[in-house]
Amino acid sequence: METYQGQLIKGEFSIRENEFIIKEIKHLETQSILQSSQIEALHEYLIKQIKGDESCVITVNDQMPVRLSREEAEVLLQDLDKLIHRMHIH
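These numbers come from a predicted model, not from an experiment.

1. Looking at helix α1 (residues 36-51)
In step 1: Taking 1.5 Å of rise per residue, the 16 residues of α1 would be expected to cover 22 Å, and the 23 Å separating its terminal C-alpha atoms lies within 8% of that figure.
In step 2: Taken together, the buried positions of α1 are S36, I39, L42, H43, L46, Q49 and I50. All buried residues of α1 lie within an arc of 155 degrees about the axis, which places them on one face of the element. Exposed positions of α1 whose direction lies more than 90 degrees from the buried face are K48 and K51.
In step 3: In this structure, the buried side of α1 is in contact with β3 (19-25), β4 (28-35), β5 (56-60), β6 (64-68) and α2 (70-87).
In step 4: Positive backbone phi, at 55 degrees, marks D53, one or two positions downstream of α1.

Calculation criteria
- Residues numbered from 1 in each chain as written.
- Predicted model: local features only at pLDDT ≥ 70, side-chain atom pairs only at ≥ 80, totals over all residues.
- Heavy atoms only, no water.
- Helix = DSSP H or I, 4+ residues; strand = E, 2+ residues; numbered from the N terminus.
- Expected span 1.5 Å × (residues − 1).
- Buried < 20%, exposed > 50% of the residue type's maximum accessible area, 1.4 Å probe, protein only.
- Arc of directions from axis to C-beta.
- Contact = heavy atoms within 4.5 Å.

Here it is in structure tokens:
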């Protein structure tokens, strides 16, 4: 496992397992596992919300909704871009 610390997201990823374990997002502790397809889906969701100038809401631990400002959504998108590159997704 390799650690990853972005601006809004922290965790560990495994290229072999093709997954990312989110340990913290927007300073909230969590233990969520995302497969590469889920990372891509989140990436696409953020792009659509930003382009549409709409607010973004993500769910932490499958139960706590977290609102992201446009700026936070853009930062998270940058974090995901870096993660996708490091995990060789696409």
